[in-house]
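For reference, the chains in residue letters:
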Amino acid sequence: MSNIGGIIKTIRNLMRGDRGINGDAQRIEQMGWMLFLKILDDKDIEMEMLDENYQSPIPTQFQWRNWASDDEGITGDELYNFIDYKMFPVLKNLPSASNDQRAFLIKEVFEGNNNYMKSGTIIRQVVNKLNEIDFNSSDDRHVFGDIYEGILKELQSAGDSGEFYTPRAITGFIAEMVNPKLGELILDPACGTGGFLTEAIEHIRKNEVTNISDRKILQQSVKGVELKPLPYMLAITNLILHDVEIPNIFYDDALSRELTSITQKDRVDCILANPPFGGNVTDGMETNFPNNFRTKESADLFLILMIQYLKIDGRAGIVLPDGSLTGDGVKQRIRQKLLDDCNLHTIIRLPNSVFQPYASVATNLLFFDKGKPTKEVWYYEHKLPEGQKSYSKTKPIRIEEFDPIRKWWENREENEFAWKVDIETIKKSGYNLDIKNPHKVEEEEIHSSVELLDMLHTSFGKSDALLSKLKLELKND
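Residues numbered from 1 in each chain as written. Predicted model: local features only at pLDDT ≥ 70, side-chain atom pairs only at ≥ 80, totals over all residues. Heavy atoms only, no water.

1. Here we look at the overall build of the chain
Argument step 1. Counting its secondary structure elements, the chain contains 16 helices and nine strands.
Argument step 2. Considering only residue pairs separated by 6 or more positions, the chain has 76% of its internal contacts joining residues 24 or more positions apart.
Argument step 3. Surface summary for the chain: the accessible area is close to 23,000 Å², and the carbon and sulfur share equals 50%. (Helix = DSSP H or I, 4+ residues; strand = E, 2+ residues; numbered from the N terminus. Contact = heavy atoms within 4.5 Å. Areas by Shrake-Rupley, 256 points an atom, 1.4 Å probe, with all protein chains shown as cover.)

2. Here's the deal with helix H9 (residues 195-208)
Argument step 1. In a regular helix each residue adds 1.5 Å, so 14 residues correspond to 20 Å; H9 covers 20 Å between its end C-alpha atoms and thus fits that length.
Argument step 2. Those residues of H9 not exposed but buried are Phe196, Leu197, Thr198, Ala200, Ile201, His203 and Ile204. (Expected span 1.5 Å × (residues − 1). Buried < 20%, exposed > 50% of the residue type's maximum accessible area, 1.4 Å probe, protein only.)

3. Re the sheet that holds strand S3 (residues 249-251)
Argument step 1. A sheet is described by the order of its strands in space; here nine strands give the open sequence S3-S2-S1-S4-S5-S7-S6-S8-S9, paired in mixed fashion. In the strand order of this sheet, the two ends are held by S3 and strand S9 (418-422), each with one partner. Here the average twist between neighbouring strands, direction ignored, is 15°.
Argument step 2. Bridge count between strand S2 (residues 222-226) and S3: three bridges; the pairing is parallel. Note on S3: the bridge partner recorded for Glu226 is Tyr251.
Argument step 3. Strands strand S1 (186-188), S2, S3, strand S4 (268-273) and strand S5 (310-321) of the sheet are contacted by H9, whose axis makes an angle of about 160° with S1. (Pairing = 2+ DSSP bridges. Axes fitted to C-alpha atoms, helices over the stretch in contact; angles between N-to-C directions.)

4. Brief notes about the packing of helix H8 (residues 168-178) against H9
Argument step 1. Interaxial distance between H8 and H9 falls to 9 Å at its minimum, and their mutual angle equals 50°. It follows that H8 is oblique to H9 by the angle criterion. The two elements H8 and H9 meet at a crossing, and its hand is right-handed. Listed contacts from H9 to Arg168, Ile170, Thr171, Gly172, Ile174, Ala175 and Glu176 of H8 are Gly195, Phe196, Glu199, Ala200 and His203.
Argument step 2. Of the residues contributing to the contact of H8 with H9, the split by class is five nonpolar, four polar and three charged. (Parallel < 35°, antiparallel > 145°, perpendicular 65-115°, else oblique. Left-handed = near helix turned anticlockwise from the far one by under 90°. Nonpolar A, V, L, I, M, F, W, Y, C, P; charged D, E, K, R; others polar.)

5. Section: empty space enclosed by the protein
Using a probe with the size of a water molecule, rolled over the atoms, empty space left in the structure can be pinpointed.
Argument step 1. Scanning the model with the defined rule gives two cavities of 30 Å³ or more in all.
Argument step 2. Reported here for the second largest cavity is a volume of approximately 40 Å³.
Argument step 3. Ile201, Arg205, Arg215, Leu218, Gln219, His242, Asp243 and Val244 together form the lining of the second largest cavity.
Argument step 4. Contributions of two or more residues to the lining of the second largest cavity are made by H9 and helix H10 (212-219).
Argument step 5. In terms of residues, the lining of the second largest cavity owes the most to one element, H10, which gives three residues. (1 Å grid on protein atoms, 1.4 Å probe; cavity = no way out; pocket = protein on both sides within 12 Å on 5 of 7 lines; lining within 4 Å. Points joined across faces, edges and corners; volume = space filled by probe spheres on them.)

6. Focus on the packing of aromatic side chains
Argument step 1. All told, the structure shown has 17 aromatic pairs when counted by the stated rule.
Argument step 2. Arranged with centres 5.3 Å apart and planes meeting at 65°, the rings of Trp64 and Trp67 form a pair that is edge-to-face. Taken together, the positions of Trp64 and Trp67, both in helix H3 (residues 64-67) and three residues apart, correspond to about one turn of that helix. Taken as a pair, Trp64 and Trp67 share a single burial class, namely buried.
Argument step 3. Residues Trp67 and Phe82 carry aromatic rings whose centres are separated by 5.8 Å and whose planes lie at 50° to one another, so their mutual orientation is tilted. Placement of the pair is Trp67 in helix H3 and Phe82 in helix H4 (residues 76-92), with a sequence separation of 15 residues. Pair check on accessibility: Trp67 and Phe82 agree, each one buried.
Argument step 4. Through successive ring pairs, a cluster of aromatic residues spans Trp33, Phe36, Phe88 and Phe110. (Phe/Tyr/Trp six-rings, centres within 6.5 Å; stacked < 30°, edge-to-face > 60°.)

Here's what the structure looks like:
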């Protein structure tokens, strides 16, 4: 089996030598479209073997096997000109018949991405390294899953591209608790690179898929929407890697659809999502929502959207920031709608370093079912591992850390980390859901000697001021 980690590392170093690549985000986008084409071609070859009538939507000369797979193939200026002036323009304008979804996906991907590399010689070296990976080998595919996660993690340091990576421990835990079943429709309206969707696919495959017709049902069950071209391409590649022949991912802003146009035929059984938060929505998007729910905060609009998309008895597991749990006006009305329309049964409070290094905001996992109002909300405070001060790029949250919550989930009792709050208490507080752990004893703060001296100095300063004031008053008496 090839050393995929080593291959990706070599590619990164090769790309650093190309003057066209500037920074992580461009390097990942470059690797992204190459991987997309290679994986697509590997899948095409597989499909041609299974079905003699199958024909790839990619014109023959642009199929990976015909320009990239021969190590001694075209290189230098000839390769650069072929990619920039022939392949990209053709794939961006691929004619897609209404029944050829695969052609449509390829066209969408190439419309949104670029070839940044300027040296055809380095492109050839990169392509030759990628050819060492066989995506039709299940071993390589499995290992590549981990490498793929690694590439996605690197997006955290690639400027604002980082906002679409959710730690695998969280996507895995949410998928497990929402527990999607074969035949249910699953949606992520802000799917980023497809982390929640692939977790849902693997969860169902592990528990229920036994034959080809099950696989077909599963392929048609997942749906995502993604607004940015790079994560959109990575999501499609990710799903193709997870055996979804034609990923049902839309290159769009989920908020651009008028809320009232989402009716029964659009509704889904499960939503797993980490909607964008902390940012303003694109101008005018809020007008797709009823007046009393209009806001510029994307997380709050996504919450309304997700309630609308759920069927009665549908289930959701989502990530939301502390800011969405509290606040007056429209924020309060949105929370009231959530509690009136859904049973918000669980809120897991996460430490605020889970999304480090690109967001230090405190977040929560919310689990709710649509169709019955909330009577009580259970809270569970997730603790950092013993001796760890915060999560980081090198010490991310791990799936095993959710073991105590799993154990507690089925048989709920209050303990030092778990408490419940009834709906009347929540209503009285203006539908505030930002409720701190009542069992928590505030830990004594530990200060350095310099900090203690500063505090003492401030304290003496305050005492002196009070004494002077008192002296003055006594003089005046």
